[in-house]
Amino acid sequence: MSATEEGELTVQGKVGRRGLILILSSPSGAGKTSLTRALREEKELGLEVSVSVTTRQKRPSEIAGRDYNFISVDDFLAMRDHDDLLEWAEVHGNYYGTPRRPVERALAAGRDMIFDIDYQGTRQVRATMGEDVVTVFILPPTMAELQHRLERRAEDTRETIDKRLGNARVEIERWSEYDYVVVNEDLGASFEGLKAILFAERLKRDRQVGLPDFVGGLLSETVT
Ligand code: 5GP
């Protein structure tokens, strides 16, 4: 028997695992997008990213289909009304939502997903997916740093930046609804923290399928 770097047991296929949903939330500018990207790019982690749909304008650096699927308000409302969204919310004056089908497919196959969504969406996912959800809130080290990061991005208008700064306080006040909190002072250290959370959550007893039989087998093994 061995434990892989991801923390999964590989006991000749005897112990499997249910997929989990890792949710990251934060105010804009706390570094959540960079962290989500870093987790996605570390392929050995085996995290599948949920690509949200949104009605907001694409930023120059974004790629449609990778960062978001950019759709019209009418198409968004149609998806919502057909129950095609696992959760949805209005954030900073635009609609955002998580398509349901890819999530259900991934979890059924025992794969883990990462969501970058706000606190309103987090509440909805927790209500419907319960124990399969692990939530992390990312905080900036200072409000001044949050403002610098928003301004440095230089892809948004002054009006958008001001709106996001105004909303940041409301979002930060939701921190206590989350399982874990990471203060993102150093991107590398925060990344390590997130991986530690993922590895530990994967080893939770209730997430491991087939443990009773495996332990039964252990105890009935004759050792000479
Ligand atoms: P941004 O416009 O900066 O990409 O995202 C703005 C906010 O919307 C972020 O807090 C982000 O987490 C949130 N968001 C992105 N996608 C979704 C989604 O599918 N559902 C919800 N509820 N929030 C989302």
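Refer to the structure above for everything that follows.
Each value, and the rule that gives it
Residues numbered from 1 in each chain as written. Predicted model: local features only at pLDDT ≥ 70, side-chain atom pairs only at ≥ 80, totals over all residues. Heavy atoms only, no water. Pairing = 2+ DSSP bridges. Helix = DSSP H or I, 4+ residues; strand = E, 2+ residues; numbered from the N terminus. Salt bridge = Lys/Arg side-chain N within 4 Å of Asp/Glu carboxyl O. Buried < 20%, exposed > 50% of the residue type's maximum accessible area, 1.4 Å probe, protein only. Axes fitted to C-alpha atoms, helices over the stretch in contact; angles between N-to-C directions. Contact = heavy atoms within 4.5 Å. Near = heavy atom within 4 Å. Polar contact = N/O pair within 3.5 Å; in protein donor to acceptor, adjacent residues only side chain to side chain. Areas by Shrake-Rupley, 256 points an atom, 1.4 Å probe, with all protein chains shown as cover. Nonpolar A, V, L, I, M, F, W, Y, C, P; charged D, E, K, R; others polar. Parallel < 35°, antiparallel > 145°, perpendicular 65-115°, else oblique. Left-handed = near helix turned anticlockwise from the far one by under 90°.

Enquirer: Hey, could you run me through the sheet that holds strand 7 (residues 69–70) in this one?
Expert: Sheet strands associate in pairs through backbone hydrogen bonding, adopting either a parallel or an antiparallel arrangement. Pairing within the open sheet is mixed, and its 4 strands lie in the order 7-6-9-8. The open sheet has two edge strands, strand 7 and strand 8 (85–91), and neither has a second partner. As paired strands, strand 6 (residues 53–54) and strand 9 (residues 94–99) are joined by 2 bridges and run antiparallel to one another. Across the sheet, residue T54 finds its bridge partner in strand 9, namely Y96.

Enquirer: Just checking my understanding: could you explain the pattern of salt bridges for this structure?
Expert: Any two side chains of opposite charge can pair if their charged atoms end up close together. A complete count under the given rule lists 24 salt bridges for this structure. E62 is the partner of R59 in a salt bridge, and the nearest nitrogen-oxygen pair spans 3.6 Å. You'll find R59 and E62 in the same group, each marked buried. Two residues, D112 and R202, come together in a salt bridge whose shortest N-O distance is 2.7 Å. Taken together, the residues span a long stretch of sequence, with D112 in strand 10 (residues 112–116) and R202 in helix 7 (residues 187–202) at a distance of 90 residues. The exposure class of D112 is buried, given its relative accessible area of 1%. Residues joined by salt bridges that share partners form a network here, namely R17, D112 and R202.

Enquirer: What am I meant to see in the sheet that holds strand 4 (residues 21–25) here?
Expert: Taken in spatial order, the 5 strands line up as 5-10-4-11-12 in an open sheet, and their pairing is parallel. Strand pairing shows two members of the sheet lacking a second neighbour, strand 5 (47–49) and strand 12 (180–183), which therefore form its edges. Sheet twist, expressed as the average angle between the axes of neighbouring strands with direction ignored, equals 25°. The pairing of strand 11 (residues 133–139) with strand 12 spans 4 bridges and is parallel. In the strand pairing of strand 12, L139 is matched with V183. Along the sheet, helix 7 makes contact with strand 4, strand 5, strand 10, strand 11 and strand 12, crossing strand 12 at roughly 165°.

Enquirer: Help me out: how do you make sense of the site of the ligand in this one?
Expert: Around the ligand sit 18 residues, and of these R56, Y68, Y96, D116 and R164 come closest. At 2.6 Å, a side-chain N or O of S52 approaches an oxygen atom of the ligand. For the ligand, an oxygen atom lies 3.4 Å from a polar atom in the side chain of T98. Relative to its unbound accessible area of 510 Å², the ligand is 96% covered by the protein chains. Counting residues per element, the ones that place at least two in the shell around the ligand are strand 8 and strand 9. Its residues assigned to classes, the shell around the ligand shows 5 nonpolar, 6 polar and 7 charged.

Enquirer: Hey, could you run me through the packing of helix 1 (residues 32–41) against helix 7 in this one?
Expert: Geometry of a packed helix pair, given as the angle between the helix axes and the separation of the axes. It is the contact of helix 1 with helix 7, at a shortest axis distance of 10 Å, that shows an interaxial angle of 60°. Relative to helix 7, the element helix 1 is oriented oblique. In terms of crossing hand, the pair formed by helix 1 and helix 7 is right-handed. On helix 7, the residues touching S34, L35, A38 and L39 of helix 1 are L187, S190, F191, L194 and K195. Grouping the amino acids of the contact of helix 1 with helix 7 by side-chain chemistry returns 6 nonpolar, 2 polar and 1 charged.

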